[in-house]
Amino acid sequence: MVTALPKPAPQPGDNSIKAAIEENLLSPRFYTTDFDRAATMDLSLEAEGLQTMLEEMRADYNRHHFSRDDSFQQTWDHIQGDERQAFIDYLERSCVSEFSGFLLFKELSRRIKDRSPVLGEIFSLMARDEARHAGFLNKCMQDFHISLDLAKLTKTREYTFFPVEWIVYAVYLSEKIGYWRYILIYRHLEQHPEHSFYPLFNYFESWCQDENRHGDIFKALVRSQPGMWQTWQGRLWSRFFLLSVFATHSLTVHERAKFYEMLGLDATQFDAEVVRKTNDTAARAFPVYLNVDHPEFFPRLERAAARNLKIKQLMESSAPAWVKKLRRLPLVLGIVGDLLRLYLIKPLNAEALRGTIR
């Protein structure tokens, strides 16, 4: 038997500031890229659209949205045990993810503003939005007697290098899948307000519009680079990033099943709906999208998520390190095998649908 060691949640009266987060495969990453390449991108194919989006970002429709109202002025110490830890984990990962976007967009803006002023200003305004999101989430964490030292986190975490094209693919999908997560939770809680246990969720409708705008900007960046959608390499990379983002989402949602249970949602059904909606949306930008109706698609994603949960339980157990490594290997190979089989499912041709109403 493997005995899992529970991770204690911060308790009432405890106040702590974290300068590091738990690192694993699903932890949000901090990214850097080839800034010279970003500064010299030819944006002429989407110049008009990007200028329109810049004007919309300047309007800053949400500038007054991220202010805490009186509904936060109460204690949340009645949320305890596994539920408390599940929600804190959700807030922490979400905060780090938004802060990661802020750092990337801010550095891109700083490095390219003189050579690509329109794109430089767009990145600066997106960084503004991400900073608001991260700050708001960190303030929510303080309601649970914990917060992140974001300044120290900037200096202590490792940065992952992605080529500019990878950044564009990945951020586009990250923003669009974020939109669908937020709006689906918001719509669900509109119909079932009894599950809205914290005021943060009241902000999700406007919040998700930021995600949608950012995604539309990155869609324009995809379409401005013919090599990202006209070539066989573009088709392969689109397919790869779609599967990577969907797999990460599935594994994360099932890890957070307790959080979704608190919202009155079934994690598996919620994951499938988000993946379907994001996949359909991606067909407007990418040359291909995934065949999520294939009979193996969701069963293999769910099996990978189940294996990931077994790995998590194993790694948190009191078993010797060598036992953990030995038992972890077949689970990892199983996940890799499932994802490889999913990648080999023939994708659907999005270019054939270009200009049609879906």
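Residues numbered from 1 in each chain as written. Predicted model: local features only at pLDDT ≥ 70, side-chain atom pairs only at ≥ 80, totals over all residues. Heavy atoms only, no water.

Visitor: Tell me about the overall build of the protein, and please be specific about residues and values.
Guide: Within the protein one finds 12 helices and six strands. For 358 residues, the compact-globule estimate of 2.2 N^0.38 gives 21 Å, and the protein sits close to it at 21 Å. The 358 residues of the protein split such that 50% are buried. Taking the contacts inside the protein whose residues are at least 6 apart along the sequence as the reference set, 85% of them involve residues at least 24 apart. Just so you have it, the protein exposes about 17200 Å², and 54% of that area is on carbon and sulfur atoms. (Helix = DSSP H or I, 4+ residues; strand = E, 2+ residues; numbered from the N terminus. Rg over C-alpha atoms; globule rule 2.2 N^0.38 Å. Buried < 20%, exposed > 50% of the residue type's maximum accessible area, 1.4 Å probe, protein only. Contact = heavy atoms within 4.5 Å. Areas by Shrake-Rupley, 256 points an atom, 1.4 Å probe, with all protein chains shown as cover.)

Visitor: I'd love a proper account of the pattern of salt bridges, names of residues and values included.
Guide: A complete count under the given rule lists 25 salt bridges for this structure. Among the ionic pairs, Arg-58 bridges to Glu-121, the shortest N-O distance being 2.8 Å. Taken as a pair, Arg-58 in helix 2 (residues 47-59) and Glu-121 in helix 4 (residues 117-142) lie far apart in primary sequence, 63 residues in all. Given a relative accessible area of 41%, Arg-58 falls into the partly exposed group. Among the residues examined, Glu-121 registers a relative accessible area of 28% and is labelled partly exposed. The shortest N-O distance in the salt bridge between Asp-338 and Arg-303 comes to 2.9 Å. One end of the pair, Asp-338, is in helix 12 (residues 321-343); the other, Arg-303, is in helix 11 (residues 297-315), with 35 residues separating them in the sequence. We classify Asp-338 as buried; its relative accessible area is 2%. A single salt-bridge network, built from bridges that share partners, covers Glu-296, Arg-300, Arg-303, Arg-307, Asp-338 and Arg-341. (Salt bridge = Lys/Arg side-chain N within 4 Å of Asp/Glu carboxyl O.)

Visitor: Would you mind going over the confidence of the model for the protein in detail, with residue names and values included?
Guide: In this model, the protein carries an average pLDDT of 91, and 92% of its residues clear a pLDDT of 70 or more. By mean pLDDT, strand 1 (residues 16-18) is the weakest element of the protein at 65, and helix 10 (residues 267-282) is the strongest at 98. (pLDDT = per-residue confidence, 0-100.)

Visitor: I'd like a rundown of the side chain of Lys-324, residues and numbers included.
Guide: The topology assignment puts Lys-324 in helix 12. A polar atom in the side chain of Lys-324 sits 3.1 Å from the backbone oxygen of Met-315. With near-sequence residues (within four places) excluded, Lys-324 lies in contact with Leu-314, Met-315, Ser-317 and Ala-319. (Polar contact = N/O pair within 3.5 Å; in protein donor to acceptor, adjacent residues only side chain to side chain.)

Visitor: Could you give an account of the packing of aromatic side chains, naming the residues involved and the relevant values?
Guide: Scanning the model with the defined rule gives 43 aromatic pairs in all. Plain terms: the ring middles of Phe-87 and Phe-144 are 5.4 Å apart, the flat faces sit at 75° to each other, and that makes the pair edge-to-face. Residue Phe-87 is found in helix 3 (residues 81-112), and its partner Phe-144 is found in the loop between helix 4 and strand 3 (146-148); the two are separated by 57 residues along the sequence. Each member of the pair Phe-87 and Phe-144 is classed as buried. Its end group placed over the ring of Phe-30, Arg-157 keeps NZ or CZ at 4.9 Å from the ring centre. A cation over a ring is seen here: Arg-223 above Trp-229, with NZ or CZ 3.8 Å from the ring centre. (Phe/Tyr/Trp six-rings, centres within 6.5 Å; stacked < 30°, edge-to-face > 60°. Lys NZ or Arg CZ within 6 Å of the ring centre and 35° of its normal.)

Visitor: Describe the environment of Arg-132, with residues and values.
Guide: In this fold, Arg-132 is placed in helix 4. Residue classification places Arg-132 among the partly exposed positions, given a relative accessible area of 23%. With 57 residues separating them in the primary sequence, Arg-132 and Thr-75 have C-alpha atoms 23 Å apart. Discounting chain neighbours no more than four positions away, the residues touching Arg-132 are Asp-60, Asn-62, Arg-63 and Phe-66.

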